[in-house]
Amino acid sequence: MLGGAPEKQVSVSSGAEVDALMARLRDSADLTTTRLRELLGREQDPLRVFKQLKFEEVGCDPLAPARRLNVIEQINQLFTYEATFHAARWLLDRYPSHAPLILNLGTNAGTDIESRDGQVAAEVFATVDPRNNRKLERDIERLQSRTALWRYVFYLAPTAGGKPDEFEVGGILVRRLWPLRGGA
């Protein structure tokens, strides 16, 4: 456990397993939405509301709702996990013979998604803009040293940052996951 957060590594072999993980995201979001309604019903000072969202444990872990988090952290984790699950589904559809896929969520070491046989590797992130903090470039650089046959960077963002929704850099395919279909 790093910084109080559980390390999370999940293995998925089918779309049904990905769907189950997506359902857990929805359940945790539902729980936090209920807490937010209660907070807004009792707190009149908008700055105090925002302070609680940022600093207090009003939210919960997207995959383990019993673990409380601040809402900002829940939002960040939830969309990163959602992007990871959509990327995993896409990879399972494309490379079923390389299942299971190992999803390294949170602070786990390794690429965000990797096939157990090492042939598929992907980095995944969610952002407002893929140009922020050079995240896209850093993930591409990280994958360049990987020996997997199929290497990907997937990102969830409302903008492509001036790039196409899909392009290749040095044998690494970059795919934007927006708009999402069938997800939250």
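Caption draft 1: Representation of the packing of aromatic side chains. Per the counting criterion, the structure on display carries seven aromatic pairs. Consider the rings of Tyr 81 and Phe 85, whose centres lie 6.4 Å apart with planes at 35°: the pair is tilted. Separated by four residues within a single helix, Tyr 81 and Phe 85 lie in helix α3 (residues 71-94), roughly one turn from each other. Just as Tyr 81 is buried, Phe 85 falls in that class too. Through a chain of ring-to-ring contacts, the aromatic side chains of Trp 90, Tyr 95, Trp 150, Tyr 152 and Phe 154 assemble into a single cluster.

Caption draft 2: Representation of the packing of helix α1 (residues 15-42) against helix α2 (residues 46-55) in the model. In contact at an axis separation of 10 Å, α1 and α2 are set at 150° when each is read in the N-to-C sense. By the angle between their directions, the pair α1 and α2 is classed as roughly antiparallel. The interaxial crossing formed by α1 with α2 has right-handed handedness. Here Leu 36, Leu 39, Leu 40 and Arg 42 of α1 come into contact with α2, specifically with Val 49, Gln 52 and Leu 53. When grouped by side-chain class, the residues that make up the contact of α1 with α2 number five nonpolar, one polar and one charged.

Caption draft 3: Focus on the side chain of Thr 111. Residue position: Thr 111 is located in the loop between β4 (101-105) and β5 (113-115). Within polar-contact distance, the side chain of Thr 111 engages the side chain of Glu 114 at 2.9 Å. Thr 111 has contacts with Asn 104, Ala 121, Ala 122, Glu 123, Leu 143 and Arg 146, leaving out every residue within four places of it along the chain.

Caption draft 4: Structural view of the pattern of salt bridges. A complete count under the given rule lists twelve salt bridges for this structure. Put simply, Arg 134 and Glu 141 hold a salt bridge, and the shortest N to O gap is 3.1 Å. Arg 134 gets classed as partly exposed once you look at its relative accessible area, which sits at 44%. Two residues, Asp 165 and Arg 176, come together in a salt bridge whose shortest N-O distance is 2.7 Å. Separated by eleven residues along the polypeptide, Asp 165 in the loop between β7 (150-156) and β8 (166-169) and Arg 176 in strand β9 (residues 172-176) bring together distant segments of the chain. Here Arg 176 falls in the buried class, since its relative accessible area comes to 14%.

Caption draft 5: Structural view of the sheet that holds strand β6 (residues 120-126). Pairing is mixed across the open sheet formed by seven strands, whose spatial order is β1-β4-β5-β6-β7-β9-β8. The open sheet terminates on both sides in strands that have one partner only, identified here as β1 (8-12) and β8. For this sheet, the mean angle separating the axes of adjacent strands, direction not counted, is 20°. Relative to β4, β1 runs antiparallel, the two sharing five bridges. Paired with Gln 9 across the two strands is Asn 104, which belongs to β4. Across the sheet, α1 touches β1 and β4, and the angle it forms with β1 is around 145°. In this fold helix α4 (residues 135-144) packs onto β6, β7, β8 and β9, with an angle of close to 165° to the strand it touches most, β6.

Caption draft 6: Up close: α2. All of the buried residues along α2 are Val 49, Gln 52 and Leu 53. An end-on view of α2 places all buried positions within 100° of arc, on one side of the element. Residues Leu 47, Phe 50, Lys 51 and Phe 55 are exposed on α2 and point more than 90 degrees away from its buried face. Packed against the buried residues of α2 are α1 and α3. The backbone nitrogen of Leu 47 has a side-chain oxygen 2.9 Å away, supplied by the residue at the start of α2, namely Asp 45.

Cut-offs and rules
- Residue positions within a chain follow its written sequence, with the count starting from 1.
- In view of the model being predicted, local features appear only for residues whose pLDDT reaches at least 70, and side-chain atom pairs are presented and counted only at 80 or more, with totals across whole chains, interfaces and linings using the full set of residues.
- Derived side-chain values reflect all non-hydrogen atoms in the structure, with water molecules and hydrogen atoms excluded from consideration.
- Here a Phe, Tyr or Trp ring, Trp counted by its six-membered ring, pairs with any other such ring whose centre lies within 6.5 Å, and the pair is stacked when the planes are under 30 degrees apart, edge-to-face when over 60, and tilted otherwise.
- To qualify as a helix, a DSSP run of H or I must reach at least 4 residues; to qualify as a strand, a run of E must reach at least 2; elements of each kind are numbered from the N terminus.
- Think of it in three bands: residues with accessible area under 20% of the maximum for their type are buried, residues over 50% are exposed, and the middle band is partly exposed, with areas taken using a 1.4 Å probe on protein chains only.
- An axis is simply a line fitted to the C-alpha atoms; with a helix, the fit covers only the stretch in contact. Between two such axes, the angle follows the N-to-C directions and lies from 0 to 180 degrees.
- Orientation categories follow fixed angle ranges, with anything under 35 degrees roughly parallel, anything over 145 roughly antiparallel, 65 to 115 roughly perpendicular, and all other angles oblique.
- Left-handed describes a crossing whose near helix is turned anticlockwise from the far helix by less than a right angle; the clockwise case is right-handed.
- Residues are treated as being in contact if the distance between any of their heavy atoms lies within 4.5 Å.
- Gly is placed with the polar residues, together with every amino acid not listed as nonpolar (Ala, Val, Leu, Ile, Met, Phe, Trp, Tyr, Cys and Pro) or charged (Asp, Glu, Lys and Arg).
- Pairs of N or O atoms within 3.5 Å make up the polar contacts considered here, provided that, within protein, one atom can donate a hydrogen while the other can accept it, and that residues adjacent in sequence are counted only when both atoms are side-chain atoms.
- Here, a salt bridge means any side-chain nitrogen of Lys or Arg that lies within 4 Å of a carboxyl oxygen of Asp or Glu.
- The pairing criterion for strands is at least two bridges between them, as found by DSSP.
- Taken from the helix axis, the directions to the C-beta atoms give the arc we talk about.

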